[in-house]
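Chain by chain, the residues:
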Amino acid sequence: MVLNNIENVDMILIDKLTENLPNESVIVYFDLELSGLGEDDDILQIAVKCGEDSLNVYLTPTKNILSAASEVTGLTNIGNKLYLHNKKLTTIDAQEGLRELQKFLMKLERRCIFIANNVSFDSRRLIKTIINNNMLSDFSIISGFSDLLKLFRKVLPDSKGTGMFKVRTLSNEFLSGENVNKLHNAYFDVVNLEKFVKVIASE
C-alpha cells in the first residue's frame, strides 16, 4: 500500500469486524496526542493495541503546545521536555518513536489495518511524520485505515447530536465511565476503543 493515499477499509458491521478482514490482516487500534490541530504540529504520544500486545511511547516536543491542547491532554512543553500533569515524562525523538512502532508491527507478523475514532485526523499526521522521516517503506505492513466513527454511526443510529461518538461519551454509555478521567491519553483511548467494539459486538 502507498501510505500517502489513505485507504478506507470497508467493514460493514462491528459484529462482523473480524470476519470481514482479509485473512492475512489484523486489527490495530491506534491513537495519537498532538501539540495542536495543525498539519505540522508535533506528535506527542503514539499508542497502539492489538490483542494482548500494546505500545505506548511519548515523543520529545520540538514546538510549543497549544494551551487548548494542554487543557485536554494535560501535556505541556517546558524547555523541550514533555510533562503530563506537571510530571516529567521519558521521551524519545519522532524517528525513534516510529522505529518502535515499526518493530511492534513487525512482531505481529501479519499485515495491519489501523482503526481509530475519526481516523483521518490522526492517520494523516502519522503518515506525514513517516514521510518526513523517510520511513515510508518501513511501514508497508500497514494495509489501510478504517474509521470507527462511521461504524458507530451505522450500528448506533439512535445516538444523535454533537459529541455523541466522542470517546468520553461512549465510555460513559458503554463502560460506566471507566477511565473517564484518563481519556485524551492515547493509550487509554485505544484500550477503550477496543472495549467499545467488544461490548457492541456482544449486544
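My aim in this report is to walk through the structure given alongside it, one point at a time.

Conventions used here
- Residues numbered from 1 in each chain as written.
- Predicted model: local features only at pLDDT ≥ 70, side-chain atom pairs only at ≥ 80, totals over all residues.
- Heavy atoms only, no water.
- Helix = DSSP H or I, 4+ residues; strand = E, 2+ residues; numbered from the N terminus.
- Buried < 20%, exposed > 50% of the residue type's maximum accessible area, 1.4 Å probe, protein only.
- Contact = heavy atoms within 4.5 Å.
- Areas by Shrake-Rupley, 256 points an atom, 1.4 Å probe, with all protein chains shown as cover.
- Pairing = 2+ DSSP bridges.
- Core = buried A, V, L, I, M, F, W, Y, C linked by side-chain atoms within 4.5 Å.
- Axes fitted to C-alpha atoms, helices over the stretch in contact; angles between N-to-C directions.
- Parallel < 35°, antiparallel > 145°, perpendicular 65-115°, else oblique.
- Nonpolar A, V, L, I, M, F, W, Y, C, P; charged D, E, K, R; others polar.
- Expected span 1.5 Å × (residues − 1).
- Polar contact = N/O pair within 3.5 Å; in protein donor to acceptor, adjacent residues only side chain to side chain.
- Right-handed = clockwise from strand over helix to strand, strands pointing away.

## Some details on the overall build of the protein
For the protein, the helix and strand inventory stands at six helices and eight strands. Listed by position from the N terminus, the elements making up the protein come as β-β-β-α-β-β-β-α-β-α-β-α-α-α. Counting every position in the protein, which comprises 203 residues, the buried fraction comes to 50%. Long-range pairs, those at least 24 residues apart, make up 65% of the contacts in the protein between residues at least 6 apart in sequence. When the accessible surface of the protein is summed, it comes to about 10500 Å², and 47% of that surface belongs to carbon and sulfur atoms.

## Examining the sheet that holds strand 4 (residues 75-78)
What the three strands build is an open sheet, ordered 4-5-6; its pairing is antiparallel. The open sheet terminates on both sides in strands that have one partner only, identified here as strand 4 and strand 6 (87-88). By the bridge criterion, four bridges tie strand 4 to strand 5 (residues 81-84) in an arrangement that is antiparallel. When the bridges of strand 5 are listed, N77 appears paired with L82.

## Things to note about the nonpolar core
Residues V28, F30, L101, L105 and F114 are the most contacted members of the largest nonpolar core, which totals 30 residues. Mapped onto this core, the elements with two or more residues apiece are strand 1 (25-34), strand 2 (43-50), strand 3 (53-58), helix 2 (94-108), strand 7 (111-116), helix 3 (119-132) and strand 8 (142-147). Excluding residues that lie within four positions of it along the chain, V28 makes contacts with V48, K49, C50, L105, L108, C112, I113, F114 and I115.

## Some thoughts on the sheet that holds strand 2
Reading across the sheet, the five strands line up as 3-2-1-7-8 and stay open at both edges, with mixed pairing between neighbours. Pairing within the sheet leaves two strands with one partner each, and these edge strands are strand 3 and strand 8. Each adjacent strand pair in this sheet contributes to an overall mean axis angle of 25°, direction not counted. The pairing of strand 1 with strand 7 spans five bridges and is parallel.

## Notes on the packing of helix 2 against helix 3
Interhelical geometry of helix 2 versus helix 3 gives an angle of 110° and a closest axis separation of 10 Å. The pairing of helix 2 with helix 3 is recorded here as roughly perpendicular in orientation. Packed against helix 2, whose contacting residues are A94, L98 and L101, the element helix 3 presents L126, T129 and I130 at the interface. Looking at the contact of helix 2 with helix 3 residue by residue, the classes come out as five nonpolar, one polar and no charged.

## Comments concerning helix 2
Between the first and last C-alpha of helix 2 there are 22 Å, a value that for 15 residues agrees with the 21 Å anticipated at 1.5 Å per step. Two or three places before Q95, at the opening of helix 2, D93 has a side-chain oxygen 3.2 Å from that residue's backbone nitrogen. E109, located one to two residues past helix 2, shows a positive phi value of around 60°.

## Things to note about the pairing of strand 7
Most of strand 7 is tucked away: five of the six residues are buried. Here strand 7 runs beside strand 8; their pairing, made up of five bridges, is parallel. What sits directly across from C112, in strand 8, is I142. Regarding topology, helix 3 serves as the crossover connection from strand 7 to the parallel strand 8, and that connection is right-handed.

## Digging into unusual backbone geometry
Of note in this structure, N118 is not a glycine but carries a positive phi near 60°. For N118, the position within the fold is in the loop between strand 7 and helix 3. For N134, which is not glycine, the phi dihedral falls at a positive 55°. Within the secondary structure layout, N134 lies in the loop between helix 3 and strand 8.

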